[in-house]
Amino acid sequence: MECQWKPDEQGLQQILQLLKESQSPDTSTQRSVQQKLEQLNQYPDFNNYLIFVLTKLKTEDEPTRSLSGLILKNNVKAHYQNFPNGVSDFIKNECLQNIGDSSPLIRATVGILITTIASKGELQNWPELLPKLCLLLDSEDYNTCEGAFGALQKICEDSAEILDSDMLDRPLNVMIPKFLQFFKHSSPKIRSHAIACVNQFIISRTQALMLHIDPFIENLFGLAGDEEPEVRKNVCRALVMLLEVRLDRLLPQMHNIIEYMLQRTQDQDENVALEACEFWLTLAEQPVCKEVLCGHLPKLTPVLVNGMKYSEIDIILLKGDVEEDEAVPDNEQDIRPRFHRSRTVAQQHEGGDSIEDEEDDDDDLDDDETISDWNLRKCSAAALDVLANVFRDDLLLHILPLLKELLFHPEWLIKESGILVLGAIAEGCMQGMIPYLPELIPHLVQCLSDKKALVRSITCWTLSRYAHWVVSQPPDTYLKPLMTELLKRILDSNKRVQEAACSAFATLEEEACTELVPYLAYILDTLVFAFSKYQHKNLLILYDAIGTLADSVGHHLNKPEYIQMLMPPLIQKWNQLKDEDKDLFPLLECLSSVATALQSGFLPYCEPVYQRCVNLVQKTLAQAVLHQTQPEFYEAPDKDFMIVALDLLSGLAEGLGGNIEQLVARSNILTLMYQCMQDKMPEVRQSSFALLGDLTKACFQHVKPCIANFMPILGNNLNPELISVCNNATWAIGEISIQMGSEMQPYVLMVLQQLVEIINRPNTPKTLLENTAITIGRLGYVCPQEVAPMLQQFIRPWCTSLRNIRDNEEKDSAFRGICTMITVNPGGVVQDFIFFCDAVASWMNPKDDLREMFYKILHGFKNQVGDENWRRFSDQFPLPLKERLAAFYGV
């Protein structure tokens, strides 16, 4: 391309005019600029003008030239495949020639442009790019070297995978040794680029880097004391990642690395300190943590504790000096999107907790969500939390002396950090803290009325971390004073405190459950008053506190005076919100809990609520069809509306039972469910199967005509990769079989094989195992001839998964099924009879006829084998099992 392209003067002026206008703050000017840019995209050489302004027009000011390059970058992103060859070649050429521009801003813009072209699949079609950039690294000219390195760093970040693939003839074999040479370069900026480039390849264990791992680590150590913060930060980041993937290479030097990281965690530059602090978080996940770190705890503990104080900038960002802001409306950008956790059906266990905790980690250190999200304070607190879980009470030796000083310190900032420390170690050091709690809890309850809002809010969180212990003590000692003070904080005049108090109260509700019943009037009074007081963001948290209260006290909420307090404000909000308002999510979740708790008490409110839920499902499905058929005219719907509505319908069905029958009869909910059960989004299927099970229990007459259509869909969803979908489908099949009785027979073979596979699968979550066992038992109860022949394939895991759940209806029907199947196929249980004995012994008080079934099977087996063999057999039993069977069944 010898004939060099030249711009037309008039065209050039027009574009410069546009670039100037686009820097205007006025939005209408901005809009007209956008339109003109779109029109100019029709001209093939428009992009030539843009690159010309960026690289050739040195007379223009830098912001304008850079802007021209950034507009070009957006065009590359959107239309690169339509650029004529001449244009793309011209752009590539200009980029490579100007990567060393004397202005850092222009160099950076050219670098961004290069990496954008590269990531459009052009690394293959631009073979000279990488060799050329690597060659430019050796330039005597600083600007050229720095510009090339900047571009390479961006390419390594954006295209790491392709660089390490066969598509490109493995350029990293050349590039990585090349980068390592620059770790000793005289310019800090270049040293920093060099480490950042190599760092992109640690986590993926890229072969080319693994070959040079020792020189890489040696070079890192060489830069440990670098005077440039950016270099130190990249060294720390490298060591943190190496800890994850190449611990073996670091171990010989571990003592020195830990000493170094201790210094860096106290670096003057907060960004370096933050990177270094991540080291402790990563180390805590490694099995060697205890062994390599125990000698350093006396030094590390005070460093982490020190990092937990608010920095001056935090306090400015948090408006820490503003004590009262309850009347200030929220900034809508600050309200984070909430995620609805769809309904999963789980069994109750001995000891009373349902299986929430497999995924429930939401009381982590989220006390100050709004600040520059992740900072040294949060990282230090998180590190202390994980280390407390590793070292348990051994950590207290080092923490307690510090805590005494902090917690009673006259300066609020230091006292506040002490309260955070106390909360951070709660989980790991609970046992060792117990002797101090009778003195500390009252002190914390006092801190709830501290004059500084930031002290009040952190105290709410820390107290919630000790809620379990508080509830285990006589209620008047700690629970009552704590609850009284927390309720005052729910009505605090500071929004941050309101938020912390509401979240803490929800945790307290989960721990205290029915212990709260005596105080219900007082609690509801406060929560209802908060409705009139709260701004937008905290209202959403208040719904959660009310829903959790309903879950915790259950039917105790069903008293006319409580309903009178609680329902009017909820229904008022319900009427205010439009169908497309996302605030419906937390409100629907809250109402679902309330409806389940109030049972018949919810009847006066159920019709409009039911109708609206059905409408939300219908609207969402209709929108989805429009989007599928005409995507260019219709947006995809937000399916969360449908999911939350299905879950509230489940709550209604569970709460109202048979009373929902009329509503179901007058609506097309079953037709809608048939569509939802086939939706491609797993959460939609999950919620529709939960609703199917609940409607099966509440009004089977309306479900029964659809069973022939529903069963094949349920059979197709027994895929244990999608745990919650599979779990709810399994549960629904069990509920359906109880209602169908022997008419279930045509459907058994559709599902039995998959259920038996799931119950025998290693690493299946407890909830899914239990529901699978119950459903197999129920199928066997109604169709023993079909299921009993497979008894031997599932009896052992069946018994072990059901021995820990509480006596209830589901367990009852499942055990009747297993007894019936043993009668049909006694041979199927012989090899695993000890497991059956153990499962029988797990019953506290079975119904008389079920106890009779157990008695017959145990004695039948004993008579079959004879006394001598039975004695030898029962000598293998653990003593408690032996005694229980003797006491209850006389064997």
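Residues numbered from 1 in each chain as written. Predicted model: local features only at pLDDT ≥ 70, side-chain atom pairs only at ≥ 80, totals over all residues. Heavy atoms only, no water.

1. Considerations on the overall build of the protein
- Within the protein, the secondary structure is distributed over 50 helices and zero strands.
- With respect to the principal axes defined by its C-alpha atoms, the protein has extents near 100 × 70 × 65 Å.
- Counting every position in the protein, which comprises 891 residues, the buried fraction comes to 56%.
- Surface exposure of the protein reaches about 39,100 Å², of which carbon and sulfur atoms provide 51%.
- Here the protein contributes 78 positively and 123 negatively charged side chains, and the mean placements of these two sets differ by 1 Å. (Helix = DSSP H or I, 4+ residues; strand = E, 2+ residues; numbered from the N terminus. Buried < 20%, exposed > 50% of the residue type's maximum accessible area, 1.4 Å probe, protein only. Areas by Shrake-Rupley, 256 points an atom, 1.4 Å probe, with all protein chains shown as cover. Lys, Arg positive; Asp, Glu negative; His and termini not counted. Charge placed at Lys NZ, Arg CZ, Asp CG, Glu CD.)

2. Here's the deal with the nonpolar core
- Residues W280 and F602 are the most contacted members of the largest nonpolar core, which totals 315 residues.
- It is helix α35 (residues 640-656) that provides the largest number of residues to this core, a total of eleven residues.
- In contact with W280, other than residues within four places in its own chain, are I258, M261, L262, T265, L293, L300, L304, A383 and L387.
- Membership of the second largest hydrophobic core comes to five residues, among which are Y310, I315, L318 and L413. (Core = buried A, V, L, I, M, F, W, Y, C linked by side-chain atoms within 4.5 Å. Contact = heavy atoms within 4.5 Å.)

3. A closer look at the packing of aromatic side chains
- Under the counting rule described, the total for this entry stands at 23 aromatic pairs.
- Where F531 meets Y543, the ring centres are 6.1 Å apart and the plane angle is 55°; that geometry is what we call tilted. One end of the pair, F531, is in helix α30 (residues 520-533); the other, Y543, is in helix α31 (residues 536-553), and twelve residues separate them in sequence. Each member of the pair F531 and Y543 is classed as buried. (Phe/Tyr/Trp six-rings, centres within 6.5 Å; stacked < 30°, edge-to-face > 60°.)

4. Some words on the packing of helix α43 (residues 766-782) against helix α46 (residues 809-824)
- At a minimum axis separation of 7 Å, α43 and α46 run at an interaxial angle of 55°. Relative to α46, the element α43 lies oblique. Crossing of α43 against α46: the hand is left-handed. Packed against α43, whose contacting residues are N771, I774, I776, G777, R778, G780 and Y781, the element α46 presents E809, E810, S813, A814, R816, G817, T820 and M821 at the interface.
- Considering only residue class, the contact of α43 with α46 consists of five nonpolar, six polar and four charged. (Axes fitted to C-alpha atoms, helices over the stretch in contact; angles between N-to-C directions. Parallel < 35°, antiparallel > 145°, perpendicular 65-115°, else oblique. Left-handed = near helix turned anticlockwise from the far one by under 90°. Nonpolar A, V, L, I, M, F, W, Y, C, P; charged D, E, K, R; others polar.)

5. Some remarks on a nonpolar patch on the surface
- Judged by side-chain polarity, L626, F633 and Y634 come together as a nonpolar surface patch covering roughly 300 Å² of accessible area.
- In this structure, Y634 sits in the loop between α34 (603-629) and α35.
- Assessed through its relative accessible area of 32%, Y634 is described here as partly exposed. (Patch = residues over 30% accessible without salt bridge, like charges linked within 9 Å, V, L, I, M, F, W, Y side chains within 5 Å. Salt bridge = Lys/Arg side-chain N within 4 Å of Asp/Glu carboxyl O.)

6. Looking at the pattern of salt bridges
- Summed over the entire model, instances satisfying the criterion amount to 42 salt bridges.
- Here E323 ties to K452 by a salt bridge, and the two come within 3.3 Å at their closest N and O atoms. Here E323 is found in the loop between α20 (312-317) and α21 (376-391), whereas its partner K452 is found in the loop between α25 (437-447) and α26 (453-465), with 129 residues between them in sequence.
- For D385, the salt bridge goes to R465, with nearest N and O atoms at 3.6 Å. A residue pair is termed long-range when its members are at least 10 positions apart, and D385 in helix α21 and R465 in helix α26 qualify at 80 residues.
- Judged by relative accessible area, which is 9%, R465 ranks as buried.
- The network of salt bridges with common partners includes R456, E485, K488, R489 and D492.

7. Concerning a negative patch on the surface
- Together, E510, E511, D544 and D551 line one region of the surface with negative charge.
- Those elements giving two or more residues to the negative patch turn out to be α29 (495-512) and α31.
- Relative to the elements of secondary structure, D551 occurs in helix α31.

8. Description of helix α11 (residues 188-199)
- Across its twelve residues, α11 extends 16 Å between first and last C-alpha, which sits within 8% of the 16 Å expected from 1.5 Å per residue.
- Within α11, ten of the twelve residues are buried, leaving the element largely enclosed by the surrounding structure.
- Turning to α11, its buried residues are I190, R191, S192, H193, A194, I195, A196, C197, V198 and N199.
- Buried residues along α11 sit against α8 (142-158), α10 (172-181), α12 (207-210), α13 (213-222) and α14 (229-245).
- Between the side-chain oxygen of the N-cap and the backbone nitrogen of K189 there are 3.3 Å, and the N-cap of α11 in question is S187. (Expected span 1.5 Å × (residues − 1). Polar contact = N/O pair within 3.5 Å; in protein donor to acceptor, adjacent residues only side chain to side chain.)

9. A look at the packing of helix α45 (residues 791-802) against α46
- As a packed pair, α45 and α46 sit with axes 12 Å apart at the nearest point and diverge in direction by 150°. When the axes of α45 and α46 are compared, the pair comes out roughly antiparallel. Pair α45 / α46 crosses with left-handed handedness. Residues L791, F794, I795, W798 and L802 of α45 form the contact with α46, whose own contacting residues are K811, A814, F815, I818, M821 and I822.

10. Section: the confidence of the model for the protein
- Of the residues in the protein, 96% reach a pLDDT of 70 or more, and the chain-wide mean stands at 90.
- pLDDT under 50 marks residues 351-372. Its contacts with residues more than four places away, or in other chains, come to 44 contacts. (pLDDT = per-residue confidence, 0-100.)

11. So, the side chain of D101
- Within the secondary structure, D101 sits in the loop between α5 (85-98) and α6 (104-125).
- Accessibility expressed as a relative area gives 7% for D101, which makes it buried.
- A polar contact of 3.3 Å, which involves the side chain of D101, links it to the side chain of R65.
- When neighbours within four sequence positions are excluded, D101 is seen to be in contact with K58, R65, I106, R107 and N143.

12. Observations concerning helix α22 (residues 396-407)
- Here α22 has its buried residues at L396, I399, L400, L403, L406 and L407. Looking down the long axis of α22, one finds its buried residues gathered within 135° of arc, a one-sided arrangement. Opposite the buried face of α22, at more than 90 degrees from it, the exposed residues are L397, P401, K404 and E405.
- Of the surrounding elements, those touching the buried residues of α22 are α19 (297-307), α21, α23 (412-424), α24 (430-433) and α25. (Arc of directions from axis to C-beta.)

13. Looking at unusual backbone geometry
- A positive phi is found at C513, a non-glycine position, where the angle reads about 45°.
- Among the secondary structure elements, C513 is positioned in the loop between α29 and α30.

14. Observations concerning the environment of L454
- Tracing the backbone through its elements, the reader meets L454 in helix α26.
- You can call L454 buried: its relative accessible area is 3%.
- L454 sits 387 residues away from L67 along the chain, and the two C-alpha atoms are 43 Å apart.
- In this view, L454 contacts Y310, L318, G320, W412, E416 and R496; residues no more than four positions away in its chain are not counted.

15. Digging into the state of the cysteines
- Per the stated rule, a full pass over the model turns up zero disulfides.
- Considering cysteine sulfurs only, C156 is the nearest to C134, which forms no disulfide, with 8.6 Å between them.
- By relative accessible area, which is 9% here, C134 ends up buried.
- Cysteine C460 remains unbridged, with the sulfur of C502 as its closest cysteine sulfur at 9.6 Å. (Disulfide = S-S within 2.5 Å.)

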